[in-house]
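Chain by chain, the residues run as shown.
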Amino acid sequence: MEQTVEQKLKALYELQTIHSKIDKIRQVRGELPMEVADLEDDVAGLETRIQKIKYELDDLEDEIVTRKNVIRDAQANIKKYETQLNEVKNNREYDAITKEVEIQGLDIQVSEKKIREFGFEITSKNQVYEKALADLEERRKDLDVKKEELGTITAETQKEEEDLLNEAEKAQANIEDRLLFAYTRLRNNAKNGLAVVTIRRDSCSGCFNQIPPQRQSDIRQRKKIIVCEHCGRILVDEQMAMEVEEA
């Protein structure tokens, strides 16, 4: 059965009323869902960073062990070459062995320098590591608090929101696709989510611009769907709004 314009307007305003209640519930949660998501990202990022630093510290420790082994082998070689010096038969052999001793000595010096550098780097990374651990503990505490807050608010409002979402779905079934599309577009573009608004004090209650008397009269007659010339929202008279809210 074809709906009258008045029935269409009432169906649209009813849907708007339901959606406004849902919006109010979600506003109570405020920025908490985003804050929780941001903190979860922070925690994940810090955990990744800490793991990376641990790998780097392990690599540095391995490098120190490797350099210590180089020093140990070089010292053993020097002892071996020093023993051979006592058995040389000519200057050429002496020079060759002396050169090897020098090379091993340089290897020791380079390795000792590297060990000191690795030690400094380990100290620096340990400081970063400790700070990251402290930051992680702080973020986890913040996350637990925010999750608890969000959980409490969600538990208090979840049933009401689900019921309203079911009501909205039923209300949408009473609205033709063309109007529902226009309503959804208006609602998505409006910061306050209002697509259908009343006349209040001779003005659009969506954008607060004044509505000419003749246009107000047309709206009260409910013979056609009229939108605000300034914001494009669908306009209904206050009496209709009261009828819908009391129904």
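Residues numbered from 1 in each chain as written. Predicted model: local features only at pLDDT ≥ 70, side-chain atom pairs only at ≥ 80, totals over all residues. Heavy atoms only, no water.

A. Spatial organisation of the pairing of strand E1 (residues 196-200). Most of E1 is tucked away: 4 of the 5 residues are buried. Relative to strand E4 (residues 234-236), E1 runs parallel, the two being bridged by 3 bridges. Note on E4: the bridge partner recorded for Val197 is Leu235. With 2 bridges connecting them, E1 and strand E2 (residues 203-204) associate as antiparallel partners. Residue pairing in the sheet places Arg200 in a bridge with Ser203 of E2. (Buried < 20%, exposed > 50% of the residue type's maximum accessible area, 1.4 Å probe, protein only. Helix = DSSP H or I, 4+ residues; strand = E, 2+ residues; numbered from the N terminus. Pairing = 2+ DSSP bridges.)

B. Highlighting the side chain of His19. The topology assignment puts His19 in helix H1 (residues 5-29). His19 gets classed as buried once you look at its relative accessible area, which sits at 13%. Aside from chain neighbours lying at most four places away, what touches His19 is Ala168, Gln172, Tyr183 and Arg187. (Contact = heavy atoms within 4.5 Å.)

C. Spotlight on the nonpolar core. Counting 26 residues, the largest nonpolar core has Ile50, Ile64, Ile108, Ile122, Leu136 and Leu143 as the members making the most contacts within it. If one sorts the elements of this core by residue count, helix H2 (residues 32-85) sits on top with 14 residues. Counting 23 residues, the second largest nonpolar core, distinct from the first, contains Ile18, Ile25, Met240 and Ala241. (Core = buried A, V, L, I, M, F, W, Y, C linked by side-chain atoms within 4.5 Å.)

D. Focus on the UniProt feature "domain: C4-type zinc ribbon" (unreviewed entry) in the protein chain. UniProt annotation of "domain: C4-type zinc ribbon" (unreviewed entry) refers to residues 203-235 when read in the numbering used here. As annotated, residues 203-235 comprises 27% helix and 18% strand, and the C-alpha atoms at either end are separated by 10 Å. (UniProt positions renumbered as here; feature names shortened; annotations may be inferred.)

E. A look at the UniProt feature "coiled-coil region" (unreviewed entry) in the protein chain. The UniProt record marks residues 36-91 and 126-178 with the feature "coiled-coil region" (unreviewed entry), using the residue numbering of this structure. Here residues 36-91 runs as 91% helix and 0% strand, with 78 Å between its end C-alpha atoms. Between the first and last C-alpha atoms of residues 126-178 the distance is 64 Å; the span itself is 92% helix and 0% strand.

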